[in-house]
Amino acid sequence: MDRVEKVYTLTKRLIVMTAVAVLAFSAVFGISFYFSERFMMTWAGFLCGIIGGFVSIQQRIRKVSDEELTLLTKSWFQILLVPIFGGVFALVLYCIFLSGILSGHLFPEFFIPKPAKEGPDTSFMIALFTQTYPSTGEDFAKFLFWSFVAGFSERFVPQIISNVTNSVSDKSDS
């Protein structure tokens, strides 16, 4: 199989895997929305991260080495690895946003329920997972955008993590 055929095979697999991933996570998202009547931000972020990962692979196909191209065309697992990491990175980025570690005009703000005066309990944890939403429509769009970026740019979230840990290490050393 020559390079053009490998690129064509990989492109077809990416389309199939993207469609399967979108359908599978949309079904899970739809089922959770139907039964809990809540929009689950985690599913939306994870799905955007996965889509970002698939787009990233598609963008890089023509630039990968022949060895990488051969590996990608022989293994469905290798095709899924980057998008799954993208989804995980989107979830980590969501936690970073919720924690306030990364904030500013470019990043989304969220409404987060407050615990009762007695302190956090099971009902607070349920509220935290089911009632945490972006503050505005613009914040929702920012969340989806950054979730996509987390999947598209493999180094974005690891660089944030590295910068935060370096900052903490620098402060603890001084």
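Attention here is on the structure that accompanies the text. Worth saying up front: this structure is predicted, and the values here are computed from it rather than measured. (Residues numbered from 1 in each chain as written. Predicted model: local features only at pLDDT ≥ 70, side-chain atom pairs only at ≥ 80, totals over all residues. Heavy atoms only, no water.)

**Observations regarding the overall build of the protein chain**
The test is simple: Note on conventions: DSSP H or I runs of at least 4 residues are helices, E runs of at least 2 residues are strands, and numbering of each starts at the N terminus. Two residues qualify as a contact provided that any one of their heavy atoms is within 4.5 Å of a heavy atom in the partner residue. To be clear on the numbers: accessible area is Shrake-Rupley with a 1.4 Å probe, and residue cover counts the displayed protein chains and nothing else. By the counting scheme adopted, Arg and Lys are positive, Glu and Asp are negative, and His together with the chain ends is not counted. In plain terms, the charge of a residue is placed at NZ if it is Lys, CZ if Arg, CG if Asp and CD if Glu.
The helix and strand inventory of the protein chain stands at 7 helices and 2 strands. What you see in the protein chain, going N to C, is helices and strands ordered as α-α-α-α-β-α-β-α-α. Considered along the principal axes of its C-alpha atoms, the protein chain spans approximately 65 × 50 × 25 Å. Restricting the contact set of the protein chain to residue pairs at least 6 apart, pairs at least 24 apart contribute 75%. Within the structure as shown, the protein chain displays about 10,700 Å² of accessible surface, and the carbon and sulfur contribution to it stands at 66%. Of the side chains in the protein chain, 14 bear a positive and 14 a negative charge, and the two mean positions are spaced by 5 Å.

**Some words on a nonpolar patch on the surface**
Selection criterion: Patch membership needs two things, relative accessible area over 30% and no salt bridge, and members are linked within 9 Å if like-charged or within 5 Å if nonpolar (Val, Leu, Ile, Met, Phe, Trp, Tyr). Any Lys or Arg side-chain nitrogen located within 4 Å of an Asp or Glu carboxyl oxygen qualifies as a salt bridge. A simple rule labels every residue: compare its accessible area, found with a 1.4 Å probe on the protein chains alone, to the largest value its type can have, and call it buried under 20%, exposed over 50%, or partly exposed in between.
Together, Val16, Val20 and Trp76 line one region of the surface with nonpolar side chains, adding up to about 260 Å² of accessible area. Tracing the chain through its elements places Val16 in helix H1 (residues 3–36). The class of Val16 is partly exposed, set by a relative accessible area of 42%.

**A few points about the nonpolar core**
How we decide: What is meant by a nonpolar core is a set of buried Ala, Val, Leu, Ile, Met, Phe, Trp, Tyr and Cys residues, joined one to another through side-chain atoms within 4.5 Å.
With 17 residues, the main nonpolar core has Leu10, Leu14, Ile50, Phe54, Ile61, Leu69 and Ile79 as its most contacted residues. Secondary structure elements with two or more residues in this core: H1, helix H2 (41–60), helix H3 (66–74) and helix H4 (76–99). Sorting elements by how many residues they give to this core places H1 first, with 6 residues. Core analysis: the second largest hydrophobic core is formed by 16 residues, Leu93, Phe97, Leu102 and Val157 among them.

**A closer look at the packing of aromatic side chains**
Selection rule: Two rings from Phe, Tyr or Trp (for Trp, the six-membered ring) form a pair when their centres sit within 6.5 Å of each other. Planes less than 30 degrees apart are called stacked, planes more than 60 degrees apart edge-to-face, and all others tilted.
Evaluated as defined, the whole model comprises 12 aromatic pairs. Here Tyr94 and Phe110 contribute two aromatic rings whose centre-to-centre distance is 5.5 Å and whose plane-to-plane angle is 70°, an arrangement assigned as edge-to-face. Within this pair, whereas Tyr94 is found in helix H4, its partner Phe110 is found in strand E1 (residues 110–111), the two being separated by 16 residues in sequence. Assigned by exposure class, Tyr94 and Phe110 land together as buried. Relative to Trp146, the ring of Phe145 has its centre 5.0 Å away and its plane inclined at 75°; by these criteria the two rings are edge-to-face. Among the aromatic residues, ring-to-ring pairing joins Phe97, Phe107, Phe145, Trp146 and Phe156 into one connected group.

No statement about biological role is implied by the geometric values presented.
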